[in-house]
Amino acid sequence: MECFGTNAAHNQSLKSQKYFLGAQILLRILGIIFTVAATWIILTSKHTTVSVFDIQINAHISYPPTLKFFAYANIIGCGFSVLSLLITSILGHKVLDPNNFFYMFIHDLIVMGLLLAGCAAATAIGFVGKYGVRQAGWMPICDHVPKFCHRVADSVMLSYLGVLFYLCLTIISVNLSTHIQV
């Protein structure tokens, strides 16, 4: 009778691990989709030139280095997401070893930190573009190039959703890695 109870508990554990694996694969796919979309939007935002009081204002991704960092962070995050999706798919079906989940936890934490840093940098420059910094003499430019500013805001929003997916992946990985036998 004890054998039956132990076998049922083991099957329940395998079933829950399979659900975690499915959730990880889904979240990684969503992370890839949202980081690709954020990268695509920021890289295809058009160069805008407007004249304000006979002063030419140019808005382009290559001017503020923070937007370049944001784009590169999303590209790197997307690349590592694809790599981790492949590793999760291969290792997840072979062995459900808690040590593998620990390594995925470290990976997910690093990618989440990178994406969050890129989002924070783009948010900061977006705030300056929207509201300016009067004490420094920086005037807001989003009134003059609204299309560019809206595209940057959309890209940042999608990237923040990617960060949220990686936060969920980090929580799942740390939950599964707590079963490591020392």
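Each residue is numbered by its place in its chain's sequence as written, counting from 1. Per-residue local features are limited, in this predicted model, to residues with pLDDT of at least 70; the limit for side-chain atom pairs, both in listing and counting, is 80 or more; totals at the level of whole chains, interfaces and linings are taken over all residues. The basis for every side-chain value is the complete set of non-hydrogen atoms in the structure, without hydrogens or water.

Undergrad: I'd like a description of the overall build of the protein, backed by residues and values.
TA: For the purposes of this entry, the term helix denotes a DSSP run of H or I that reaches at least four residues, the term strand denotes a run of E that reaches at least two, and both are numbered from the N terminus. Looking only at helices and strands, the protein has four helices and two strands in total. Order of helices (α) and strands (β) in the protein, N terminus to C terminus: α-β-β-α-α-α. Looking at the protein residue by residue over its 182 residues, the buried ones come to 37%. Counting contacts in the protein only where the partners sit at least 6 residues apart, residues at least 24 apart contribute 80% of the total. Per-residue and other accessible areas were derived by the Shrake-Rupley procedure at a 1.4 Å probe size, with only the shown protein chains allowed to occlude residues. Carbon and sulfur atoms provide 72% of the accessible area of the protein, an area that totals close to 10800 Å². Summary of the burial criterion: residues with accessible area below 20% of their type's maximum are buried, those above 50% are exposed, and those between are partly exposed, where the area comes from a 1.4 Å probe applied to protein chains only. The contact criterion used throughout is that any non-hydrogen atoms of two residues lie within 4.5 Å.

Undergrad: Describe the state of the cysteines, listing the residues and the values that go with them.
TA: Think of a disulfide as a covalent bridge from one cysteine sulfur atom to another cysteine sulfur atom. Any two cysteine sulfur atoms lying within 2.5 Å of each other are counted as a disulfide. A full pass over the atoms with the stated rule returns one disulfide. At a sulfur-sulfur separation of 2.1 Å, the disulfide partner of Cys 142 is Cys 149. Across the S-S bond linking Cys 142 and Cys 149, the dihedral sits near -90 degrees, which makes this disulfide left-handed. As far as burial versus exposure is concerned, Cys 142 and Cys 149 are alike and both buried.

Undergrad: Before we move on, could you go through a nonpolar patch on the surface and cite the residues and values that matter?
TA: A residue counts toward a patch only above 30% relative accessible area and without a salt bridge, and it is joined to like-charged neighbours within 9 Å or, for Val, Leu, Ile, Met, Phe, Trp and Tyr, to nonpolar neighbours within 5 Å. Should a side-chain nitrogen of Lys or Arg be within 4 Å of a carboxyl oxygen of Asp or Glu, the pair is scored as a salt bridge. A cluster of nonpolar side chains, contributed by Leu 43, Tyr 72, Ile 75, Ile 76, Phe 80, Leu 83 and Ile 87, occupies part of the molecular surface with about 630 Å² of accessible area. For the nonpolar patch, the element with the highest residue contribution is helix α2 (residues 65-94), accounting for six residues. On the secondary structure map, Ile 87 appears in helix α2. Classification of Ile 87 as partly exposed rests on a relative accessible area of 34%.

Undergrad: Which residues make up the environment of Ala 23, and what are the values?
TA: Along the chain, Ala 23 turns up in helix α1 (residues 2-43). Distance from Ala 23 to Cys 168, taken between C-alpha atoms, is 9.4 Å for residues 145 residues apart in sequence.

Undergrad: So what's going on with the packing of aromatic side chains? Which residues, and what values?
TA: Stacked, tilted and edge-to-face pairs are distinguished by plane angle, under 30 degrees for stacked and over 60 for edge-to-face with tilted covering the rest, among Phe, Tyr and Trp rings (Trp via its six-membered ring) whose centres lie within 6.5 Å. Considering all chains together, one arrives at two aromatic pairs under this definition. Ring plane angle 55 degrees and centroid distance 5.2 Å describe the contact between Phe 34 and Phe 165, whose orientation is recorded as tilted. Taken together, the residues span a long stretch of sequence, with Phe 34 in helix α1 and Phe 165 in helix α4 (residues 146-177) at a distance of 131 residues. Note on Phe 34: relative accessible area 19%, which makes it buried.

Undergrad: So what's going on with the side chain of His 107? Which residues, and what values?
TA: Within the fold, His 107 resides in helix α3 (residues 98-131). Those residues within four positions of His 107 in sequence are excluded, and the remaining contacts are Arg 28, Phe 80, Ser 84 and Tyr 166.

Undergrad: Tell me about the confidence of the model for the protein, residues and numbers included.
TA: Note: pLDDT gives the predictor's confidence per residue, expressed from 0 to 100. Scored by pLDDT, the protein has a mean of 81; 73% of the residues are at 70 or more. Between the elements of the protein, mean pLDDT differs from a low of 62, seen in strand β1 (residues 48-52), to a high of 89, seen in α4.

Undergrad: Describe the environment of Gly 132, listing the residues and the values that go with them.
TA: Topologically, Gly 132 is positioned in the loop between α3 and α4. Classification of Gly 132 as buried rests on a relative accessible area of 10%. Separated by ten residues in sequence, Gly 132 and Cys 142 place their C-alpha atoms 9.2 Å apart. Residues within four places of Gly 132 in sequence aside, it is in contact with Phe 127, Trp 138, Met 139 and Pro 140.

Undergrad: Got a sec to walk through the nonpolar core? Specific residues and values, please.
TA: If you look at the biggest cluster of nonpolar residues, it comprises 27 residues, and the most contacted ones within it are Ile 42, Leu 67, Phe 70, Val 152 and Tyr 166. Looking at this core, the elements that each hand over two or more residues are α1, α2, α3 and α4. Looking at which element gives the most residues to this core, the answer is α4, with eleven residues. With five residues, the next largest nonpolar core counts Leu 21, Ile 25, Ile 32 and Leu 85 among its residues. Here the nonpolar core consists of buried residues drawn from Ala, Val, Leu, Ile, Met, Phe, Trp, Tyr and Cys, with membership extended through side-chain atoms lying within 4.5 Å.

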